[in-house]
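Chain by chain, the residues:
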Amino acid sequence: MAVVEARELEQRRGTRKILHGVSFSVGAGVTGLLGPNGAGKTTLLETLTTLLPPSSGSLVVLGVDAGERRTRQEIRRRTGFLPQNFGYPSNFRVIDLVEYAAWSKGVPRGRISELAHEAIRDVDLAEVEKRPLRALSGGMLRRAGIASAIVHRPPLLILDEPTVGLDPQQRTQFRELVLSLSARTSVLLSTHLTEDISVVCESVLVLNEGRIAFDGSVRRLSELGHGEAAQAAAHGDRVTQTALERGYDKVVTSV
Ligand SMILES: Nc1ncnc2c1ncn2[C@@H]1O[C@H](COP(=O)(O)OP(=O)(O)OP(=O)(O)O)[C@@H](O)[C@H]1O
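In the nomenclature of an unreviewed UniProt entry, the chain corresponds to ABC transporter ATP-binding protein from the organism Streptomyces filamentosus NRRL 15998. Here is the UniProt Sequence similarities (unreviewed entry) comment for the chain, exactly as written: "Belongs to the ABC transporter superfamily."

Have a look at this one:
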C-alpha cells in the first residue's frame, strides 16, 4: 500500500512555483530522493510533512488528505521528520531531545520515558543518553535526531540529507540503521550521495527543476547508465562514474 500518493502536486514559495505538478507514490521499504541543488527536494519533503500546505493538486499521506487543514495534525503525529539542520537548546541532553519529541508528537505522558529509552536503544545511543547534545560527534548527533524522529513509532520516516558531514564509518552505521528501521517503517531518504541510494534504497525518485525526472527501481536507474559506461569504455575513455551516477546524469540532463 502507498504511504504517499501525490497527483499533480504544485508548490510555491512566495510567487515562485517550485514544484510543477508532480505525481508519484511512495510504498514500503526505503525510497531515495535525488536531485541537483535547488531541484525542490526540501520543498517536497516540507510539503509531505505538512510544514507547507500544497498550493494545488492532491497529496495523500498515510491515507490522510494533506490539503485539508483539519487533518494535517494527524499526518504530523504519524510521520517522523529529520530536517537537514535541526536546532536544540544548548543544555539539552540526548534523553531530553527524544522525550521532548515524544511529547510534541502527542505520546501519552505515561509512555514518554519508555518509548524514548527504546528509541535511544534503537539508534545505539543508550550509553550517552545523559550526555549534552553539544558534546556529541556529528554521527551521534544525527542518530539522536533519528531517535527523536522515530520515538512515536511513525509508519513514515522522512530524512533530509542525513549523511552530510559524516565520515565513511558513520555513514555505514547510518545505512545499517536505516535498513533495520525500514522493517517497520517506510523511509523516504533525500540525499546527494548515490552510494547511499545504491546501498539502502529499492526505489528512487529523481527531482529536477521541480519535476519528476525518474521514478522507478534503483536497478533500472543504474541500467540507464550501463549503456553510457559501455560506450565510454569502447571509446577508451576513463570511467569516472558508477552506472548509477551515469543513469542519474542522464535523467537530469535529458529535459
Ligand atoms: N523559504 C524559501 N523562500 C523562497 N524560496 C525558497 C525557500 N526555500 C527554498 N527556496 C527556493 O526553492 C527552490 C528549491 O529549493 P529546495 O531547498 O527545495 O531545493 P533542494 O532540492 O532541497 O536543494 P538542495 O539540494 O540545495 O538542498 C530553490 O530555488 C530555493 O532557492
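Following the structure, the description resumes.
Caption draft 1: Region of interest: the sheet that holds strand 3 (residues 30-34). A sheet is described by the order of its strands in space; here six strands give the open sequence 6-7-8-3-9-10, paired in mixed fashion. Whereas interior strands pair on both sides, the edge strands pair on one side only; in this sheet they are strand 6 (79-82) and strand 10 (211-217). Taken pair by pair, the neighbouring strands of this sheet meet at an average axis angle of 15°, ignoring direction. Along the sheet, helix 1 (residues 41-48) contacts strand 3, strand 7 (156-160), strand 8 (186-190) and strand 9 (203-208); its crossing angle with strand 7, the most-contacted strand, is approximately 155°.

Caption draft 2: Region of interest: the sheet that holds strand 5 (residues 64-65). Pairing within the open sheet is antiparallel, and its four strands lie in the order 2-1-4-5. Both edges of this open sheet fall to strand 2 (16-26) and strand 5, since each of them pairs with a single strand only. Of the strand pairs in this sheet, strand 1 (residues 4-13) and strand 2 are connected by eight bridges, and their pairing is antiparallel. When the sheet's bridge partners are listed, L9 is paired in strand 2 with V22. Contacting strand 1, strand 2 and strand 4 (56-61), helix 1 crosses the sheet at an angle of about 115° to strand 1.

Caption draft 3: Examining the site of the ligand more closely. Contacts to the ligand come from R13, G14, I18, G35, N37, G38, A39, G40, K41, T42 and T43. When its residues are assigned to classes, the shell around the ligand shows two nonpolar, seven polar and two charged.

Basis of the calculations
- Residues numbered from 1 in each chain as written.
- Predicted model: local features only at pLDDT ≥ 70, side-chain atom pairs only at ≥ 80, totals over all residues.
- UniProt positions renumbered as here; feature names shortened; annotations may be inferred.
- Pairing = 2+ DSSP bridges.
- Helix = DSSP H or I, 4+ residues; strand = E, 2+ residues; numbered from the N terminus.
- Axes fitted to C-alpha atoms, helices over the stretch in contact; angles between N-to-C directions.
- Contact = placed C-beta atoms within 7 Å.
- Near = placed C-beta within 6 Å.
- Nonpolar A, V, L, I, M, F, W, Y, C, P; charged D, E, K, R; others polar.

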